[in-house]
Amino acid sequence: MKTLIAYASKTGTAEKCARMLAERLPDAKLCDLCKEKPDPGAYDQVIVGGGVRMGALHVDARQYLDGCKPILLQKRLGLYLCAGFAEKAGELFENNVDPELRAHALACDCFGGEIDLSKLRGFEKLVTKMALRSFKDADGQAAMPRLLPERVEAFAAKFREA
């Protein structure tokens, strides 16, 4: 099956996850939505992902989902987010992705996130540093967001089973 993995990434985390998916799915084509908007009609299945900042999905991913909705509703569809607060995935999907697309998707998941302060600037860097002070693990210790490769693997498995 021809698979399109389209992603929008500001600091590279959503791209990293797209590459992880591509390694697990034969005949997958990667596409950076910040550079081009491919026709999803040429593919059997489409996976769209993007980074979330301050609760909002990357604008290029959101615009692609909205603009291609009629075609995406005819395809095997996967949706992923990269966000530091993976436990809020349901809320993030609800606030950022059309309910019809969410209901149609074979898989919707959050793959966690990474924070590289060297890639941030100005206000965004300041807000991120403040947020990190309150980021605690189950034991109350300071914790950094991390990617969840087991979720990437489970997500890819759903598309290999076709």
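Above this text sits the structure in question.
Residues numbered from 1 in each chain as written. Predicted model: local features only at pLDDT ≥ 70, side-chain atom pairs only at ≥ 80, totals over all residues. Heavy atoms only, no water.

Undergrad: Lay out the pattern of salt bridges with the relevant residues and their values.
TA: Counted under the stated rule, the structure contains 8 salt bridges. In this structure, Arg19 engages Glu15 in a salt bridge whose closest nitrogen and oxygen atoms are separated by 3.0 Å. In this pair, Arg19 and Glu15 both sit in helix α1 (residues 13-24), 4 residues apart, roughly one turn of the helix. Under the relative-accessibility criterion, Arg19 is labelled partly exposed at 42%. By relative accessible area, Glu15 is classed as partly exposed at 26%. In this structure, the salt-bridge partner of Glu100 is Lys69, at a minimum N-O distance of 3.0 Å. (Salt bridge = Lys/Arg side-chain N within 4 Å of Asp/Glu carboxyl O. Helix = DSSP H or I, 4+ residues; strand = E, 2+ residues; numbered from the N terminus. Buried < 20%, exposed > 50% of the residue type's maximum accessible area, 1.4 Å probe, protein only.)

Undergrad: Which residues make up the environment of Asp109, and what values go with them?
TA: Looking at where Asp109 falls in the secondary structure, it is placed in strand β6 (residues 107-110). Not counting residues within four places of it along the chain, the set of residues in contact with Asp109 comprises Leu79, Tyr80, Leu81, Phe93, Arg151 and Phe155. (Contact = heavy atoms within 4.5 Å.)

Undergrad: Run through the packing of aromatic side chains, naming residues and quoting values.
TA: Scanning the model with the defined rule gives 4 aromatic pairs in all. Taken together, a centroid distance of 4.9 Å and an interplanar angle of 15° make the contact between Tyr80 and Phe111 stacked. Of the two residues, Tyr80 is situated in strand β5 (residues 76-82) and Phe111 in the loop between β6 and α6 (122-133); the sequence distance between them amounts to 31 residues. Neither Tyr80 nor Phe111 differs from the other in exposure class; each is buried. When the ring of Tyr80 is compared with that of Phe155, the centres are 6.5 Å apart and the planes differ by 80°; the resulting orientation is edge-to-face. Here Tyr80, found in strand β5, pairs with Phe155, found in helix α7 (residues 149-160); they are 75 residues apart in sequence, far enough to count as distant. (Phe/Tyr/Trp six-rings, centres within 6.5 Å; stacked < 30°, edge-to-face > 60°.)

Undergrad: Could you give me a rundown of helix α4 (residues 89-96), with the residues and numbers involved?
TA: The complete set of buried residues in α4 reads Ala89, Leu92, Phe93 and Asn96. Down the axis of α4, the smallest arc covering the buried residues is 95°, so these residues share one side. Structural note: α4 exposes Gly90, Glu94 and Asn95 on the side pointing more than 90 degrees away from its buried face. Lining the buried residues of α4 we find β3 (45-53), β4 (56-57), α2 (59-67), β5, α5 (99-104) and β6. (Arc of directions from axis to C-beta.)

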